[in-house]
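Single-letter residue listing:
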Amino acid sequence: MKEQLIKWAEAGDGDSMYKLSKIYQAEKDFSKYQYWLEKSARGTKNFFAMKELADNLRKEENFSAARELYKEIVEISGDTEAMENLLDISQNDTETLKFILSKIDGMYNEIYLRDYQILRRTWEFGTRRHNECTIQTLQAVERRRIASRIRKLLEKN
């Protein structure tokens, strides 16, 4: 299986690169782990590789590189965990805080409208329970919590 992953990774498949990095990590071959993780994250924009690399950079206290990677993750996917991590390492960086806030403001309205459609369908057709919660709703709540935290930080600055 590893040989096949190597062939696919060398052919440019980002998922194979990431899986291969995990194999090398388990084998404790950290130079190859780092090589394939970076190649997957930076070369193919594999979401999981990008998150892992950003987390590794944060642990190494390379905050500027981690910040740039987290920004890219937020830009691409709107991931709330990446927003939270970016917020934690950028509490005094007004520009980064405003960047996160702008992304949250752009996403929240979209989620709200989608949830409104679900509620309307519930009332009209009785297809869903009123107390049922979607993953999108939970993510919107998490983004609202992060936005509130950012607004408090911006007031202090």
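Shown above is the structure to which this text applies.
What you see is a predicted model; the values in this text were computed from it and never measured.

What counts as what
- Residues numbered from 1 in each chain as written.
- Predicted model: local features only at pLDDT ≥ 70, side-chain atom pairs only at ≥ 80, totals over all residues.
- Heavy atoms only, no water.
- Core = buried A, V, L, I, M, F, W, Y, C linked by side-chain atoms within 4.5 Å.
- Buried < 20%, exposed > 50% of the residue type's maximum accessible area, 1.4 Å probe, protein only.
- Helix = DSSP H or I, 4+ residues; strand = E, 2+ residues; numbered from the N terminus.
- Contact = heavy atoms within 4.5 Å.
- Phe/Tyr/Trp six-rings, centres within 6.5 Å; stacked < 30°, edge-to-face > 60°.
- Lys NZ or Arg CZ within 6 Å of the ring centre and 35° of its normal.
- Expected span 1.5 Å × (residues − 1).
- Arc of directions from axis to C-beta.
- Axes fitted to C-alpha atoms, helices over the stretch in contact; angles between N-to-C directions.
- Parallel < 35°, antiparallel > 145°, perpendicular 65-115°, else oblique.
- Left-handed = near helix turned anticlockwise from the far one by under 90°.
- Nonpolar A, V, L, I, M, F, W, Y, C, P; charged D, E, K, R; others polar.

### Quick look at the nonpolar core
If you look at the biggest cluster of nonpolar residues, it comprises 35 residues, and the most contacted ones within it are Tyr70, Met83, Leu87, Ile100, Ile104, Ile146 and Ile150. Among the secondary structure elements, those contributing two or more residues to this core are α1 (2-10), α2 (14-26), α3 (30-44), α4 (47-59), α5 (63-77), α6 (80-89), α7 (94-125) and α8 (135-156). With six residues, the single largest contributor to this core is α7. Excluding anything up to four places from it in sequence, Met83 contacts Val74, Gly78, Ile100, Ile104, Met107, Arg143 and Ile146.

### Description of the packing of aromatic side chains
This model, assessed by the stated rule, comprises three aromatic pairs. Geometrically, the ring pair formed by Tyr35 and Trp36 is edge-to-face, given 5.0 Å between the ring centres and 80° between the ring planes. Put simply, the rings of Tyr18, Phe47 and Phe48 touch in pairs and so form one group of aromatic residues. Above the ring of Phe99, the side-chain terminus of Lys71 is found at 5.7 Å from the ring centroid.

### Overview of α3
Helix length check: α3, at 15 residues, gives a terminal C-alpha distance of 20 Å against a target of 21 Å (1.5 Å per residue), a fit within 8%. Taken residue by residue, α3 has Tyr33, Trp36, Leu37, Ser40 and Ala41 as its buried positions. The buried side chains of α3 occupy one side of the element, clustering within an arc of 125° when seen end-on. Counted as exposed and oriented over 90 degrees from the buried face of α3: Ser31 and Gly43. The secondary structure elements touched by the buried residues of α3 are α1, α2 and α4. Count one or two residues on from α3 and you reach Lys45, which has phi positive near 60°.

### What about the packing of α2 against α3?
It is at 8 Å that the axes of α2 and α3 come closest, and there the two elements cross at 160°. As the angle between them shows, α2 and α3 are arranged roughly antiparallel. As α2 packs across α3, the resulting crossing turns out to be left-handed. Contact residues: α2 offers Gly14, Met17, Tyr18, Leu20, Ser21, Tyr24 and Gln25, while α3 offers Phe30, Lys32, Tyr33, Trp36, Leu37, Lys39, Ser40 and Thr44. Split by residue class, the contact of α2 with α3 holds eight nonpolar, five polar and two charged.

### Quick notes on the packing of α5 against α6
When two helices pack together, their arrangement is given by the angle between the helix axes and the distance between those axes. Between α5 and α6, the least distance of the axes is 9 Å, while the angle of their chain directions is 150°. Accordingly, the angle class assigned to the pair α5 and α6 is roughly antiparallel. The handedness of the crossing between α5 and α6 comes out as left-handed. Each of Phe63, Ala66, Arg67, Tyr70, Lys71, Ile73 and Val74 in α5 lies in contact with α6, whose residues at this interface are Ala82, Met83, Asn85, Leu86 and Ile89. Looking at the contact of α5 with α6, its residues break down into nine nonpolar, one polar and two charged.

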